[in-house]
Structure formats: structure tokens, C-alpha cells
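Summary of structural features
Below are the chains, spelled out letter by letter.
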Amino acid sequence: MTREIERLRYEWTLPRLPLGGPPAAGTAAPTGRLVFREGTDEEFLDVFARISRGSLDLATRYELESRTEEELAREDFEFYRDCPGERSWWRLAHLPDGTLAGVAVPSATPYHRNVGYLGVVPEQRGRGLIDEVLAEITRFHASEGAGRVTATTDTVNLPMAAAFDRAGYEVTGIRLVLEAPPAG
């Protein structure tokens with residue numbers, strides 16, 4: 001077990017007004033910087049592959065040592081399609097001019113809603129768009145009545161961790177994942 005991935009577990013909870021009042025909105029309003037729409041399976045496969053390029057996610061980097069971006073995209077697509085969340089929840093993120101910016105995949109576990117998969121394509125990174133994508137997932141879950149949304153990211157993925165912090169997610173745990181290197 002020589003590969004280590006340290007992962008932060010985040011949780012967003014719907015704020016409540018004092019004295020047990022009704023839920024507060026608790027989510028960032030859309031800014032108009034991105035437009036979200038449904039997409040075809042082929043479009044999602046393409047964006048999953050594109051997002052893997054230069055990813056800071058260690059598992060993605062490790063997987064790309066032994067498979068292509070397209071193979072990893074297909075595996076990720078199948079994984080999220082088989083999660084308890086619904087495929088109809090997934091959205092592509094575009095700039096107002098129609099340029100692809102990223103993807104938002106709200107998902108679920110048997111216990112609660114979560115941020116399944118999100119990302120920004122390499123040519124749009126560094127512009128703060130990840131905040132918009134994360135806010136879209138959080139708004140979606142909140143609008144469906146979720147009072148808690150969980151998420152994870154690697155400790156080395158500082159931009160993603162910072163986005164969770166800005167969005168009001170709190171670290172609730174740290175997990176160390178140990179893996180054997182690939183046989184070779």
C-alpha cells in the first residue's frame with residue numbers, strides 16, 4: 001500500500017432561522033455567468049474526458065496512468081449513472097455564448113444527497129466557474145428538499161477545497177485511502 005490519497009469530507013446543511021423557524025434559502029443565487037442544460041450521453045462522456053486532463057484529483061491521475069481519458073470517462077459515466085441519484089439531474093455548464101465550461105452531476109447515496117461529480121474544462125479553469133457549478137448542485141439539492149449535502153475532495157485539490165469553503169460546506173472528516181500500486 002504505497003499510494004496515499006487524503007480526502008476531505010464536506011457537508012452543507014440547510015441553515016435554519018432562529019427558534020426553529022422555516023429553512024432559510026442558504027444557497028447562492030445564480031449569477032448568469034453560466035447556463036445549465038441537459039445533455040446527451042455522448043456530451044457527458046466528452047466533458048468527463050476533457051475534465052480529466054490536468055485534474056488535481058489523485059484517483060483520476062492514477063487511473064490515467066493505465067487507461068485513456070475516454071476509458072476513464074466511460075467508467076466514471078457508468079459509476080454515476082448507477083448511483084442512487086437520477087441521470088435526469090445531470091447538467092452541462094456553458095458560458096452565455098454557448099461555450100462549454102463544465103459539468104454538474106448532483107447525486108445521492110442511500111443516506112443523503114451529495115455532490116457526485118463536478119468540474120470545469122481545462123480551457124475555462126482559473127476563472128472562478130467552479131463556484132457556479134457547485135452552487136448549481138447545491139441549489140438543485142436544496143430545491144428538492146435536501147437539508148444535507150455531502151461532498152469529498154483530495155487535500156491536494158486546493159481550488160476545489162476552497163470552493164467548498166466559499167460555498168458554506170464544512171469539513172466533517174478526513175479519510176486516508178491506501179492503495180497498492182498497479183501490478184506491472
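Because the structure is a prediction, the values reported are computed rather than measured.

Turning to its location among the elements, Glu 11 is positioned in strand β1 (residues 3-13). Classification of Glu 11 by relative accessible area gives buried; the value is 18%. Discounting residues that sit within four places of it in the chain, Glu 11 has contacts with Arg 148, Val 149, Thr 150, Gly 168, Tyr 169, Glu 170 and Thr 172.

Below, the discussion takes up the pattern of salt bridges. Under the counting rule described, the total for this entry stands at 17 salt bridges. For Arg 7, the salt bridge goes to Asp 57, with nearest N and O atoms at 3.5 Å. Of this pair, Arg 7 sits in strand β1 while Asp 57 sits in the loop between α1 (41-52) and α2 (58-63), placing them 50 residues apart in sequence. For the pair Arg 7 and Asp 57, a shared accessibility class is recorded, and that class is buried. With a shortest N-O distance of 2.7 Å, Glu 69 and Arg 53 are connected by a salt bridge. Here Glu 69 is found in helix α3 (residues 69-82), whereas its partner Arg 53 is found in the loop between α1 and α2, with 16 residues between them in sequence. Each of Arg 7, Asp 57 and Asp 154 takes part in a single network of salt bridges with overlapping partners.

Axis separation between α1 and α3 bottoms out at 8 Å; the angle between their running directions is 120°. Viewed along their axes, α1 and α3 adopt a mutual orientation that is oblique. The interaxial crossing formed by α1 with α3 has right-handed handedness. On α3, the residues that touch Asp 41, Phe 44, Leu 45, Phe 48, Ala 49 and Ser 52 of α1 are Glu 69, Glu 70, Leu 72, Ala 73, Arg 74, Asp 76, Phe 77 and Tyr 80. Looking at the contact of α1 with α3 residue by residue, the class counts come to eight nonpolar, one polar and five charged.

Parameters at a glance
- Residues numbered from 1 in each chain as written.
- Predicted model: local features only at pLDDT ≥ 70, side-chain atom pairs only at ≥ 80, totals over all residues.
- Heavy atoms only, no water.
- Helix = DSSP H or I, 4+ residues; strand = E, 2+ residues; numbered from the N terminus.
- Buried < 20%, exposed > 50% of the residue type's maximum accessible area, 1.4 Å probe, protein only.
- Contact = heavy atoms within 4.5 Å.
- Salt bridge = Lys/Arg side-chain N within 4 Å of Asp/Glu carboxyl O.
- Axes fitted to C-alpha atoms, helices over the stretch in contact; angles between N-to-C directions.
- Parallel < 35°, antiparallel > 145°, perpendicular 65-115°, else oblique.
- Left-handed = near helix turned anticlockwise from the far one by under 90°.
- Nonpolar A, V, L, I, M, F, W, Y, C, P; charged D, E, K, R; others polar.

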